[in-house]
Amino acid sequence: MNKPTKRYWLVKSEPDVFSIQDLAAAPDQSTHWDGVRNYQARNTMRDDMKKGDLVLFYHSNAKPPGVAGIAQIARESYPDHTAFDQSDSHYDPKSRPDSPTWFMVDIQFVEAFQEILSLPELKQIPELADMVLLQKGSRLSVQPVTAAQFTLIRKLGRQTKNRSKN
DNA sequence: GCCAACGTTGGC
DNA sequence: GCCAACGTTGGC
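The rules behind the values
Residues numbered from 1 in each chain as written. Chains lettered and ligands numbered in written order. Predicted model: local features only at pLDDT ≥ 70, side-chain atom pairs only at ≥ 80, totals over all residues. Heavy atoms only, no water. Buried < 20%, exposed > 50% of the residue type's maximum accessible area, 1.4 Å probe, protein only. Helix = DSSP H or I, 4+ residues; strand = E, 2+ residues; numbered from the N terminus. Arc of directions from axis to C-beta. Contact = heavy atoms within 4.5 Å. Near = heavy atom within 4 Å. Polar contact = N/O pair within 3.5 Å; in protein donor to acceptor, adjacent residues only side chain to side chain. Nonpolar A, V, L, I, M, F, W, Y, C, P; charged D, E, K, R; others polar. Pairing = 2+ DSSP bridges. Axes fitted to C-alpha atoms, helices over the stretch in contact; angles between N-to-C directions.

Under an unreviewed UniProt entry, chain A has the name EVE domain protein and belongs to Aureliella helgolandensis.

As structure tokens, then:
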């Protein structure tokens, strides 16, 4: 019996499309993470994400971009059915139900930070310099995070910067 | 809106 | 197998 290893991840979403507030408002506060069409990201979802793993929820293409909160893996990988749907914008004819190319997981809301921990702030933290997110040209939408990086970001995200600013 | 960086496709 | 062309990502 292998002892299950808890791992940590980061997923990106454009808040105009699906924000962490949308996740919190969803049925069961959960959703399937469909539409990923990058092989490296797929491999992470298909092979490595395990139920209960914690996930940083990152808002991309936002003002500002940054980590908005935390989710967890609620269901391990299964075929992404949107790839089979010709009317779906993520349709991919090379993925077939009997031999799927694309996979997804379910993620569930855990907590939203009161304020976004913004990308400029993340960049200023020396301990986070090795984050995949912060590497030049990095565009992976599903990526690993170390336990130390996760713990630090959660701590910073929970701190309120502008307390009682009335 | 711009554009750098990246991944994928397809001709050869 | 190479690589130019193209489409996408995502910060600014």
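After that view, the rundown keeps rolling.
Right, let's talk about helix 2 (residues 39-48) for a bit. By the burial criterion, the buried members of helix 2 are Ala 41, Arg 42, Thr 44 and Met 45. Buried residues in helix 2, looked at end-on, bunch into an arc of 160°, giving them a common side. Where helix 2 is buried, its residues touch strand 1 (8-13), strand 4 (66-79), strand 5 (103-118) and strand 6 (142-145).

Okay, the protein's contact with DNA strand B next. Around DNA strand B sit Asn 38, Tyr 39, Lys 94, Lys 136, Gly 137 and Arg 139, and those are all the residues in its vicinity. At a separation of 3.0 Å, a phosphate oxygen of DNA strand B approaches a polar side-chain atom of Lys 136. For the surface near DNA strand B, the residue count by class is one nonpolar, two polar and three charged.

The strand order across the open sheet built from six strands is 2-5-4-3-1-6, with neighbouring strands paired in mixed fashion. Looking at the sheet topology across the chains shown, the edges are occupied by strand 2 (30-32) and strand 6. Across the sheet, the mean angle from the axis of one strand to that of its neighbour is 35°, orientation sign disregarded. Strand direction decides the pairing type here: strand 1 and strand 6, joined by four bridges, are antiparallel. Directly across from Trp 9, in strand 6, lies its bridge partner Pro 144. Along the sheet, helix 2 makes contact with strand 1, strand 4, strand 5 and strand 6, crossing strand 5 at roughly 110°. In the packing of helix 4 (residues 147-158) onto the sheet, the strands contacted are strand 1, strand 3 (54-59), strand 4, strand 5 and strand 6, and the crossing angle to strand 5 comes to about 45°.

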